[in-house]
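Structural description and commentary
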Amino acid sequence: MTFNIASFLVQVAALAVVLAALHKPLGVYLVRVFEGKMSSRPERLFYRLAGIDAGTEQTWSVYLRSVLAFSVVSILLVFVLQRLQGILPGSGSLPGVDPWIAMNTAISFVTNTNWQTYAPETTIGIFVQMTLLAVQNFLSAAVGIVVVVTLIRGIARTRTQRLGNFWVDLARTSFRILLPIAFVASLLMVLGGVVQNFWPADVVNHAAGISQTIPGGPVASQEAIKELGTNGGGYFNANSAHPFENPNPFISLFEVFLLLLIPSALPYAFGRIVGDQKQGYTVAAVMGTLWLASVSLMGWAVASGQGTATAAAGGLGEGFEQRFGPVQGAIFAASTTLTSTGAVNTAHDSLPPLAGGVAMVNMMLGEVAPGGTGSGLYGMLILSIISVFIAGLMVGRTPEYLGKKIGPTEMKLAAMYILVTPVLVLALAGITVMLPDIITNAPATGPHQFSEVLYAFTSGANNNGSAFGGITTSSPYLSVMMSLAMLLGRFLPVALVLALAGSLARQGKIPASAGTVPTHGPLFGGLLVGVTVILTALSYFPALALGPLAEGLLK
Amino acid sequence: MTRSSAASATDTAAQTYADGNPLGTPGEHKHHTKAPAKLTLASVIAALPLAVRKLAPRQMIHSPVMFTVLVGAALCTAITLYRPSGFSIAVTAWLWLTVLFGTLSEAIAEGRGKAQADSLRASRQGVQARLRQPDGTTKVVPGTGLRLNDIVICEAGDVIPSDGEIIEGLASVDESTITGESAPVIRESGGDRSSVTGGTRVLSDRIVIRITAEPGQTFIDRMIMLVEGAVRQKTPNEIALHVLLVSLTIVFLAVTMSLAPFASLAGAAPSPIVLVALLVCLIPTTIGALVPAIGIAGMDRLVQHNVLATSGRAVETAGDITTLLLDKTGTITYGNRRAVNFYPANHVERTDLIEAARVCSLADETPEGRSIVDLAEDKGMTGSDLATLERRSGDFAVVPFSASTRMSGLDLDGQQIRKGAASTVAAFVAEYGGHTPAEVDHRVKEISAQGGTPLLVAKIDRNGRADVLGTIHLADVVKPGMHARFAELRKMGIRTVMITGDNPITARAIAAEAGVDDFLAEATPEDKLAVIKEEQAQGRLVAMTGDGTNDAPALAAADVGVAMNSGTPAAKDAANMVDLDSDPTKLINIVGIGKQLLITRGALTTFSVANDVAKYFAIVPALFTAAFPGLGLLNIMGLSTPSSAILSAVIFNALIIVALVPLALRGVKYRAVSANQALSRNLLVYGLGGLIAPFIGIKMIDLIISLIPGIG
């Protein structure tokens, strides 16, 4: 298989053009949803059933408690019902899920990671897929969005403790944003050939008399939100490389479009709500620049890939799905790791080493280009605050971001945010490689073996969910370690972001003057790109040197 | 006109006014600025003992970054003692030097203030005070024992024992110990010039003083503590920066600690010494070491400008100021009105008017009168002086200005020559049957509309015929360069508001001429307070100067309130800075100093973090090229050996602290440009420079080390 550069450029350009065209109308719609006063009928029904007073707004701490309570209940529910699968209807003959796997899966789907330690075909049936995993695909994506909306409100509002109502935001995001778009996307997917049925397994007798199990299920309805909500948990084990999930190159590109859609429209909504569209454009431009750079780098790394795996397989071919080839593999791999999706149409383990390294770097950036639904933007806003702190000092002003002072409290929260994931990844991977049981059981050797461990924890702590594979993570130890990475990697940042929102909202607004560092325009955008890249490089360079770099530069 | 007390006090300030440059670097401000101490070898050596004392862990813990280096150095020492090698000894030694360079920079910064503190202390040594007893007798007591509200008496030659307020008498006082200004100042009871400072000397007369400071809390005590850096508390901005530095340190701890197991997997486990070396190179030691020195140097710069701040926080806030309230008189304009033009009536020769104006002002010793004579001489009218006139003329009388006549002039050979306010002179002329020509009336209105003061000149000749000769235009003269200064301030995002007791028409004209953004006419101290509150409600930070007791509420409300040293104790207490020179234009310099402080911090942080990239390129290939030869590709500097590469990075990391001490003490040069311009410039110099400099530095050190046998 060859890497067709023209095809690569056309597809990247097509994505860029379509996303650029849609980010404004969708952004405007998002603002209407978040800032609107009216409730739709299903929302009112939900409020009545759940006993929610939609009129009251919460402080940041109540908002956080709501997020946490909702997530804990979700985890318990998903865990318990997986264990009870054997007695639930619509699960065929599948038994209850192994407790370690059930725990890992519950945490994985609630944290928007969708790391899969199980083979869906042989582990979970339609009931768990539809009522638990698909629902969590919606809700975990919605949680990410409502958290960033709260942060934006914290920036936009002044002298208040009130930041919105979690339940109202959650309901609106689910009913008015995710459900309608996912519905339309599912129909398009069905048209494109993605299966949508209720056959758990169909036994077909061939003319030759061989019986074969053909898996089926409500795939299209789950596939749409899998991408739209940057979830990434596949209906099938092969994820988006499976022909029933991803039948042809058009659907494959459509999936990439879907997973980039909401994250790339959120900056526009951000600009709108804070009342300065240039801010939104700058954030969008920074995300776009990083995305373009990473996709190009990935394309280059794939095209010039000369790693061990490809050399062994006699060229660029191993790990790439025949129907998509290396071009779509590269675009998908870059986009899925730059968002918190983690769906794959290519085996990342088989990517050329440097391309695998790019996938890791994408996640290590904190998944901010454009990142997961909500989480990408809040990550980028934290990086903006770090950047504006440095920039503010350098022009001789106490730094301020959009009229809010970045004092000790704000800095504490932002600095802890940028600390969480690197420390989680390095500490957990460090402990894991010291365990001979885990390492000796891994099939790969040398730097690639280390890359597999590094990739797993990078993916978990950043809530990505894609995997290098190789190491078996269904063992109790790794199941717990990964769960820890996913939980802390999700909820510590969420807590810090909400606290930051609270601290910013309490402040008054300082009017901008000529002495204020403008947080829009090429100069600040360039600084933001620089800070993002340098912080990532400083945290992970030695680890990357021992993994993908060592493998890629092997003499 | 409602004249605020500040206006009267700024007259005093105007006398000492020197045309300082706006926002200039300290050395350029020629207004008795003390020259910053030079960084000499002697001052470095003098700071060494203090630097060593500062190595105590109890002190180091305040700087988490440098504390980490200390722990690392201690760890390496233990390892080296257990298993010594040339490499480990060298690394350990340089780690200790890194810590020492950090404390040394702080000690040098403190040392610079120490000399000043010693001379201040000397001014108080052995001062005796004549304490007035309740029974009216006096008793000599040591000056340091005086308590609040004690009454003391000082006579010519006495050193004033403590801070106080004059309750009786008037004296000329030499305040050079605190201001550096040798010209004596007048201090008197009542009014806004009643406060005296301990340590200054009475030159003439006798005053009775009520002590206003508790022992150890006097102005000089506070100044000593300040210049010695003894009262340093971390400012909010310093805390925020520390938070960032600590979080980077934690990340790098995770990086180095996880590297051991990661590398062992590849069979390339680095030694603990190497890991500590890597950690020290990565954590932001450069800025971590220099933060205290930067802060102390910032305060020191303020002291060099003869400004005393109550806290570091106030200095930082000065950099954030967005609105400056400036008194018109003495700050924007010269203290007094000056003649700027003569306008003759139609039937009068221009030279006649000028000569008449000159003659009737010869005896007028007011600044306005003198300015008329000066302007006339400028126009070529250098006639006889007062003495000659008196000698020559038959009857001669000076008619001084009086509140009832509101005119002044001369009676000369039967003629009466007068000048005065337009309405008064017109009435005076009408009395003698004369009239004011229409064009003169017109001119009077025009001058008033421009904010000027019109004076009419009239002559009653020997025959009693009255004639209006014309008009003198008196105007507030805006000091040269103010327009450019305000333009600069605007570029930096600072709004200037002129405060004046003048009527709105006059105020508007002067505001337009000076180029201020806004003005407040007919201002009372209450109005000032209202303006401050209003600006603050809009989220702006306000700075102002003041000296009167009635300025105190506004000074307290302002984010940066600068009291004039000549002001009342109430004003000084309310302010968070005191300007010893009593120069209201100093505010502009104070803003510059505040900004410089933050810029220096930001620039060195950026530089410090950017340095890490090169250090990675030195250390990572050094660590792993043996296991993975391909990583040799990352050795882009072509460093000779792994141990030389690591040692070079460590040495660079230590030396860069020393190299940057002068910059930390001097401060990054501040330019009055827009935020974007400043940012792009500093990013280029300290960001890009920080990326490139260590590549060159480490390579050069490596070239030297590679020559040393056993290590290279």
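Residues numbered from 1 in each chain as written. Chains lettered and ligands numbered in written order. Predicted model: local features only at pLDDT ≥ 70, side-chain atom pairs only at ≥ 80, totals over all residues. Heavy atoms only, no water.

1. Here we look at the packing of aromatic side chains
Given two aromatic rings, one states the distance between the centres and the angle between the planes to describe the pair. All names here are of chain A. Test applied: Stacked, tilted and edge-to-face are the three classes applied to pairs of Phe, Tyr and Trp rings, where Trp contributes its six-membered ring and a pair requires centres within 6.5 Å; stacked means planes under 30 degrees apart, edge-to-face means over 60, and tilted covers the rest. Here's how the labels work: a residue is buried when its accessible area is under 20% of the maximum for its type, exposed when over 50%, partly exposed in between, all with a 1.4 Å probe on protein chains only.
Here the structure, examined in full by the defined rule, presents 17 aromatic pairs over all chains. Note on F166 and W167: the rings are 4.9 Å apart at their centroids and 70 degrees apart in plane angle, and the pair reads as edge-to-face. Judged by relative accessible area, W167 falls into the partly exposed class, the value being 22%.

2. Re a nonpolar patch on the surface
This is how the line gets drawn: Distance thresholds for patches are 9 Å for like charges and 5 Å for nonpolar side chains (Val, Leu, Ile, Met, Phe, Trp, Tyr), applied to residues having over 30% relative accessible area and no salt bridge. Here, Shrake-Rupley sampling with a 1.4 Å probe gives the accessible areas, and only protein chains in the shown set may cover a residue. The term salt bridge refers to a side-chain nitrogen of Lys or Arg lying within 4 Å of a carboxyl oxygen of Asp or Glu. Helix and strand labels come from DSSP, where a helix needs a run of H or I of at least four residues and a strand needs a run of E of at least two; each type is numbered from the N terminus.
Taken together, the side chains of L684(B), V685(B), L688(B), I692(B), I696(B) and M700(B) make up a nonpolar region of the molecular surface, amounting to roughly 550 Å² of accessible area. Looking at the secondary structure, you find L688(B) in helix α24 (residues 675–705).

3. Structural notes on the domain arrangement of chain B
Residues and elements named next belong to chain B. Put simply, the rule reads: In this document the domain limits rely on a domain assignment from an automatic tool or a database. We call two residues in contact when some of their heavy atoms are within 4.5 Å. A quick way to say it: buried area is the sum, across both parts, of accessible area lost when two parts are put together, with a 1.4 Å probe. Polar contacts here mean pairs of N or O atoms no more than 3.5 Å apart (in protein, one a potential hydrogen donor and the other a potential acceptor; neighbouring residues in sequence count only if both atoms are side-chain atoms). Throughout this entry, Asp, Glu, Lys and Arg are counted as charged residues, while Ala, Val, Leu, Ile, Met, Phe, Trp, Tyr, Cys and Pro are counted as nonpolar. The remaining residues, Gly among them, count as polar.
Domain assignment breaks chain B into domain 1 (41–112 + 228–301 + 592–706), domain 2 (147–212), domain 3 (307–332 + 479–580) and domain 4 (337–477). In this structure, domain 1 and domain 3 have C-alpha centres spaced 41 Å apart. Contacts between the two partners involve 15 residues from domain 1 and, on the opposite side, 12 residues from domain 3. Interface area for domain 1 against domain 3, summed over the two sides, is near 1100 Å², with a carbon-plus-sulfur share of 67%. Broken down residue by residue, the surface that domain 1 buries against domain 3 is led by M299, K595 and A672, which jointly contribute 40%. The interface formed by domain 1 and domain 3 contains one salt bridge. Linking E316 and R601 is a salt bridge whose minimum nitrogen-to-oxygen distance equals 2.7 Å. If you look at where domain 1 meets domain 3, you find three residue pairs in polar contact (both at pLDDT 80 or more). Take the side of domain 1 that touches domain 3: its biggest share by element is six residues, from helix α22 (residues 586–624). Residue composition of the side of domain 1 that touches domain 3, by class: eight nonpolar, four polar and three charged.

4. With respect to helix α18 (residues 504–514) of chain B
Residues and elements named next belong to chain B. Inclusion rule: Taking the helix axis as origin, the arc is that swept by the directions to the C-beta atoms.
Taken together, the buried positions of α18 are T506, A507, I510, A511 and A514. The arc that holds every buried residue of α18, seen down its axis, measures 130 degrees, which confines them to one face. Structural note: α18 exposes R508 and A512 on the side pointing more than 90 degrees away from its buried face. Residue N503 occupies the N-cap position of α18, its side-chain oxygen lying 3.0 Å from the main-chain nitrogen of I505.

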